[in-house]
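# Overview (structure and organization)
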Amino acid sequence: MEEMKPLFEDEYAGQPAPKRVLAYMQHKQENGRPIAGTYCAYAPVELMQAMGITPAVLCAFAKATIASAETVLPANLCPLIKSSYGFIMEGSCPFFSMSGAVVAETTCDGKKKMFELAAEVKPLHVMDLPQLPDEAEAQENWTRMIRKLQGFLEETFDCAATDSQIEESLKKSNRRNQLMRKIFDYAAIHPPVLNWQEMFDISFMALPYDVDDAVPVLEGIIERLEERVTKGLHHGNAKSPRILVTGSPVGGDALKIYRIIEQCGGVVVTPDCCTGYKLFAEDFEEGTADPVEALARRYLKIPCSCMTPNEGRLAALSKMIERFKPDGVIDFVLTACHSYNVESYKVGNYISEQHELPFLKIETDYSDNDEGQIRTKVQALFEIIS
Amino acid sequence: MGKYYAGIDIGSRTIELVIVDETGNIAEHFQRDTGYDPMREVDGLLSQVRYDAIMATGYGRNLFELSFDAQTVTEIKAHARGARATFPAARTVLDIGGQDSKVISLSEAGRVSRFEMNDRCAAGTGKFMEIMAKTLGYSIDNFGHEALAAKQEIAISSMCTVFAESEVTSLIARGEDCREIALGLHGSVVRRVCGMIRRVASAGGGELVFTGGVARNPCIRQLLEKNLDRKVLVAEDPQLMGAYGAALLALESSDQ
């Protein structure tokens with residue numbers, strides 16, 4: 001079979017995804033663009049971009065910084081929070097260093113309390129995220145919080161955006177999301193035409209880039225994917241178990257879950273997490289009276305386990321199962337990520353009862369000492385599928 | 001001459017080898033400690049036997065695959081196959097081995113449908129039992145009998161091997177009865193696995209089979225039956241189930 005061409009045609013092809021994005025951010029900064037750090041999918045990047053601010057997703061996925069963090073934070077805390085804070089303490093996250101401020105949200109308890117400590121190092125604005133998203137007040141409050149963020153950013157970076165600029169920005173985001181969904185559809189093909197590493201790299205680039213810069217890159221990627229289809233190139237084969245991975249965020253050292261699935265002969269067809277499909281799954285409503293309200297409505301639909309009840313996650317899973325036709329579902333739960341851990345029971349029952357698909361929960365952290373055990377569980381899942 | 005099929009289960013504590021004939025009957029079986037050089041132990045075992053195909057399971061299966069011409073299967077499928085061959089009505093399998101414990105739910109046809117595995121620490125595994133027996137001055141073979149001789153149970157609150165050991169040490173220092181402490185330790189292991197069984201066990205009824213070295217412990221068996229209010233089936237050599245299942249799978253895959 002002919003060899004696959006990389007989807008990116010730049011000098012960063014084959015390198016870790018942050019390198020490309022870091023170079024992009026540096027370029028933006030040299031041209032006078034302010035940078036604001038974000039930690040979470042709830043950060044309304046459309047607002048920042050409308051104001052001429054470039055969002056930078058901050059480092060949170062390395063076991064290397066956890067030891068530093070544990071001099072301050074308790075050891076039995078989620079690795080994502082420990083790693084994030086370790087990067088801040090060590091000053092080893094280049095995105096954090098270049099950020100003039102950080103946008104944070106009240107998602108889980110560990111993050112909220114970590115933000116108090118991080119605020120001592122850098123200006124940090126915490127948005128009060130409603131956690132009962134179906135309540136009428138949630139919509140109102142989140143709209144207000146986005147307006148408040150706008151005020152904070154105006155003051156901190158001395159820049160502004162009109163409502164029509166915000167409307168323009170969310171329209172652009174919709175354009176990007178449509179292209180992203182088109183790209184993810186190549187993973188829905190059997191066997192898939194793009195793999196987990198490519199989906200991760202593309203998502204990592206697509207979110208923080210100015211949409212005007214991202215669109216030509218995404219269009220080029222679609223062309224190369226189409227070329228693969230024409231040539232009959234794909235990842236895995238017709239027998240490779242197709243896996244949907246849901247749960248806690250995946251990146252850096254947590255990518256081991258995707259890697260192990262691939263090493264065991266499977267293909268990840270849906271990375272449903274905050275670093276994957278979830279960000280691009282839905283569009284903003286265009287042409288409303290208040291674009292900030294439209295932002296709020298879409299953001300509250302993100303089915304994070306910090307929400308209650310989080311029925312949206314089950315509905316989203318059903319949609320993804322229909323679209324990507326997985327043979328099995330793996331729920332990836334980071335150690336001490338209580339909300340995803342508790343929710344796993346509900347998700348497991350839903351997957352087995354509603355979709356009659358094999359389900360496996362993997363609870364792990366960023367270390368590599370349990371790869372053998374994870375491999376055994378994944379192989380056992382594949383034995384069930386085959 | 002007929003053909004023979006081997007199954008080898010390279011576990012964290014012991015290695016089992018089972019040879020079956022063309023009809024799936026056990027012709028020979030062996031067991032030895034995994035030790036520090038598992039592949040040397042494997043060489044020693046395999047040099048004594050003749051076989052036409054071999055299937056490896058257990059945590060050492062991938063290492064084995066590198067140096068031998070073999071197929072591999074997870075411990076989950078291997079134990080399920082072995083348990084089902086021994087007890088055809090089995091729908092739930094509990095396996096407590098040297099360093100992990102697992103519960104497997106089987107479909108009516110005997111296929112694995114669900115499983116749960118505790119493998120991140122030694123809590124409630126064979127290794128836990130070994131360390132606790134030693135702390136109390138019992139041999140592992142007598143540990144269950146001693147616990148059964150207790151008049152009452154002293155509750156042990158720690159499940160972590162390290163913490164439980166210090167809890168036991170302080171109970172001994174307080175002059176508590178060692179058998180009662182032993183019963184408490186058995187009780188804590190059983191309560192833990194019962195939670196796992198209730199989560200995973202097949203809703204369709206059927207029988208519960210207990211495999212792995214810990215299944216030889218009579219006190220664990222008795223407490224399990226009491227706690228779950230159902231019969232627990234144990235094979236004559238429960239620790240052979242993984243290797244036996246692997247041997248049967250080697251035989252079945254050669255049929256295809």
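This brings us to the overall build of chain A. In terms of regular secondary structure, chain A is built from 15 helices and eight strands. In terms of overall size, chain A behaves like a compact globule, its C-alpha atoms giving a radius of gyration of 20 Å where 386 residues would be expected to give roughly 21 Å. Counting only C-alpha atoms, chain A reaches 60 × 45 × 40 Å along its principal axes. Among the 386 residues that make up chain A, the fraction classed as buried is 49%. When contacts within chain A are restricted to residue pairs at least 6 apart in sequence, long-range pairs at least 24 apart make up 72% of them.

The next thing to look at is the sheet that holds strand E2 (residues 14-21) of chain B. Residue and element names in this part refer to chain B. With mixed pairing, the five strands of this open sheet are ordered in space as E3-E2-E1-E4-E5. With one partner strand each, in any of the chains shown, strand E3 (26-33) and strand E5 (71-72) form the two edges of the open sheet. Of the pairings in the sheet, the one linking strand E1 (residues 4-10) to strand E4 (residues 53-57) comprises five bridges and is parallel in character. By the bridge assignment, Ile8 is partnered in E4 with Ala56. On top of the sheet, helix H1 (residues 38-46) reaches E1, E2 and E3; it is set at about 30° to E2, its chief contact.

In this section: the domain arrangement of chain B. All names here are of chain B. Partitioning chain B into domains gives domain 1 (1-87 + 237-256) and domain 2 (89-234). Here the C-alpha centroids of domain 1 and domain 2 sit 25 Å apart. With 15 residues of domain 1 at the contact, the number on the domain 2 side is 25 residues. Per-class residue counts for the side of domain 1 that touches domain 2 are six nonpolar, six polar and three charged.

Reading guide: rules and limits
- Residues numbered from 1 in each chain as written.
- Chains lettered and ligands numbered in written order.
- Predicted model: local features only at pLDDT ≥ 70, side-chain atom pairs only at ≥ 80, totals over all residues.
- Helix = DSSP H or I, 4+ residues; strand = E, 2+ residues; numbered from the N terminus.
- Rg over C-alpha atoms; globule rule 2.2 N^0.38 Å.
- Buried ≥ 20, exposed ≤ 12 C-beta atoms within 10 Å, placed from the backbone.
- Contact = placed C-beta atoms within 7 Å.
- Pairing = 2+ DSSP bridges.
- Axes fitted to C-alpha atoms, helices over the stretch in contact; angles between N-to-C directions.
- Domains from an automatic or database assignment.
- Nonpolar A, V, L, I, M, F, W, Y, C, P; charged D, E, K, R; others polar.

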